[in-house]
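Survey of secondary and tertiary structure
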Amino acid sequence: MLDLAPAKVAAAEAPLGPPPVSYVGSLFGKLLAAAYRVTGKDRYDDFRLERVAGVPILVIPSVFNPKVPRTGEFLARQVCAERVAPQAEVLDLGTGSGVGAVFAALCARRVVAVDINPAAVRCAALNARLNQLEDKIDVREGDLFAPVAGERFDLVLFNPPFLRGTPRDDRDRAWRSSDLAERFAAGLGAHLKPGGTAFLLLSSFGDAQWFLTQLQAHRYAISVLAERRYINETLRVFRVAPQRTELSP
Ligand SMILES: C[S@@+](CC[C@H](N)C(=O)[O-])C[C@H]1O[C@@H](n2cnc3c(N)ncnc32)[C@H](O)[C@@H]1O
């Protein structure tokens, strides 16, 4: 169902491994994040109307802002008509504001958006309605793949929490998780249709290697679909698909 023409996956030739960032860049990123928190510019715990590539996205308190940091926007921008067939069924895991679900619904037939944070579920539903896509986006509350038990998709989108650790509250679930890499790698295959794939966003700001190691342990084929380097952070969208075996059709 996905049309990943060679030209579109040219970035797949980039070396695999955690996104690179210099020590100075990483320190700068941490200082910037601290400054955002101190000045209240981290755009959390507030109502914000953002524009992501011109698409209005409302962000409500305790929900991850897709523009600060810029991961949600970067992943959403990869979900374009050239990569997703009109008949595709998409799962947006950890949907947050629903930004990935909205972008997917602009080109796919149906999207299921899942989040464990009830505020994110409300926010994603609001954004589906704001963009007149509520007929295509089905928002469900729950833990990772639990709300889609037995269902398979052509594309799974995931911008996971960056850091490894126990989340303090629902808001912190956007940043920290204890075992999501293990559970995502273990569960993904059962939720992909034949030929299906996942777009996974990893930032140098977090523990990217944790996710890659788990996916490699489950023998997925992993390549870099898109990369953006900033002074303090490198973002990569990885394309993750089950390895084709000799018995694969
Ligand atoms: C980094 S944010 C990404 C939000 C959005 N997809 C975006 O790109 O802007 C991670 C999201 O995953 C959600 N999340 C964390 N743990 C989860 C779990 N076990 N099951 C479902 N969603 C989870 C968080 O609530 C948060 O909304």
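Scroll up a little and you will see the structure.
Residue positions are given per chain, counted from 1 along the sequence in the order it is written. Two thresholds apply to this predicted model, a pLDDT of at least 70 for residue-level local features and 80 or more for giving and counting side-chain atom pairs, whereas whole-chain, interface and lining totals are computed over all residues. Hydrogen atoms and water are omitted, and side-chain values are computed over all heavy atoms in the structure.

**Re helix α6 (residues 208-217)**
Given 3.6 residues per helical turn, the α-helix brings residues three or four places apart onto the same face. To sort residues, take the accessible area from a 1.4 Å probe on protein chains only and compare it with the maximum for the residue type: under 20% means buried, over 50% means exposed, and anything in between is partly exposed. Strands are runs of DSSP state E lasting at least two residues, helices are runs of H or I lasting at least four, and both sets are numbered from the N terminus onward. Of the positions making up α6, those classed as buried are Ala208, Trp210, Phe211, Leu212, Gln214 and Leu215. One or two positions beyond α6, positive phi appears at Arg219, with a value near 60 degrees.

**Comments concerning the packing of aromatic side chains**
Classification of ring pairs rests on two measures: the distance between centres of Phe, Tyr or Trp rings, Trp counted by its six-membered ring, which must be within 6.5 Å, and the angle between planes, read as stacked under 30 degrees, edge-to-face over 60 and tilted in between. Going through the model one piece at a time under the given rule, you end up with seven aromatic pairs. An angle of 70 degrees between the planes, with centres 6.4 Å apart, marks the rings of Phe158 and Phe211 as edge-to-face. Of this pair, Phe158 sits in strand β6 (residues 153-158) while Phe211 sits in helix α6, and the two are 53 residues apart along the sequence. Here the two residues Phe158 and Phe211 agree in accessibility, since each one is buried. In textbook terms, an aromatic cluster arises when at least three aromatic residues are bridged by ring pairs, as seen for Phe145, Phe158, Phe184, Trp210 and Phe211. Note on geometry: a ring has a charge over it if NZ (lysine) or CZ (arginine) is within 6 Å of the ring centre and within 35 degrees of the ring normal. One Lys or Arg, Arg70, reaches over the ring of Tyr230 and ends 3.7 Å from the middle of that ring.

**Remarks on the nonpolar core**
In terms of nonpolar packing, the biggest core is built from 37 residues, with Val84, Val90, Ile137, Leu157 and Val237 touching the most fellow members. Throughout, a residue-residue contact means that at least one pair of heavy atoms, one from each residue, lies within 4.5 Å. Excluding anything up to four places from it in sequence, Val90 contacts Val84, Ala104, Ala108, Arg110, Val111, Val112, Phe153, Leu155 and Leu157. By nonpolar core we mean a set of buried residues, namely Ala, Val, Leu, Ile, Met, Phe, Trp, Tyr and Cys, connected to one another through side-chain atoms within 4.5 Å. Within the second largest apolar cluster, 29 residues are counted, among which are Leu188, Leu200, Trp210 and Leu215.

**As for the site of the ligand**
Whether a residue is near a molecule or strand depends on its heavy atoms: it is near if one of them lies within 4 Å of it. Around the ligand sit 20 residues, and of these Gly94, Asp115, Asp143, Leu144 and Asn159 come closest. Polar contact criterion, stated in full: a pair of N or O atoms within 3.5 Å, where within protein one must be able to donate a hydrogen and the other to accept it, and residues adjacent in sequence count only if both atoms are side-chain atoms. One of the backbone nitrogen or oxygen atoms of Thr95 is found 3.4 Å away from a nitrogen atom of the ligand. Here a nitrogen atom of the ligand and a backbone polar atom of Ile116 are 3.3 Å apart. The method behind every accessible area is Shrake-Rupley, applied with a 1.4 Å probe, and residues are considered shielded solely by the protein chains displayed. If the ligand stood free it would expose 600 Å²; the protein chains cover 97% of that surface.

**Remarks on unusual backbone geometry**
Here the amide bond leading from Val68 into Pro69 is cis, since omega sits at -5 degrees, within 30 degrees of zero. Positionally, Pro69 belongs in the loop between β2 (55-59) and α2 (71-78). Here Ala53, not a glycine, exhibits a phi torsion of approximately 50 degrees, which is positive. Inspection of the secondary structure assignment puts Ala53 in the loop between β1 (48-52) and β2. For Ala53, a relative accessible area of 41% corresponds to the partly exposed category. At Leu144, a position not held by glycine, the phi torsion is positive, near 45 degrees. If you trace the backbone, Leu144 turns up in the loop between β5 (137-141) and β6. By relative accessible area, Leu144 is classed as buried at 9%.

**Brief notes about the pairing of strand β11 (residues 234-242)**
Here β11 lies mainly inside the structure; seven of its nine residues are buried. Following DSSP output, two strands are said to pair if at least two bridges run between them. The pairing of strand β9 (residues 192-203) with β11 spans six bridges and is antiparallel. Along β11, the bridge assignment pairs Ala198 with Val240. Pairing analysis gives nine bridges linking strand β10 (residues 220-229) to β11, with the strands arranged antiparallel. Across the sheet, residue Ser223 finds its bridge partner in β11, namely Arg239. Hairpin connection from β10 to β11: four residues lie between these consecutive antiparallel strands.

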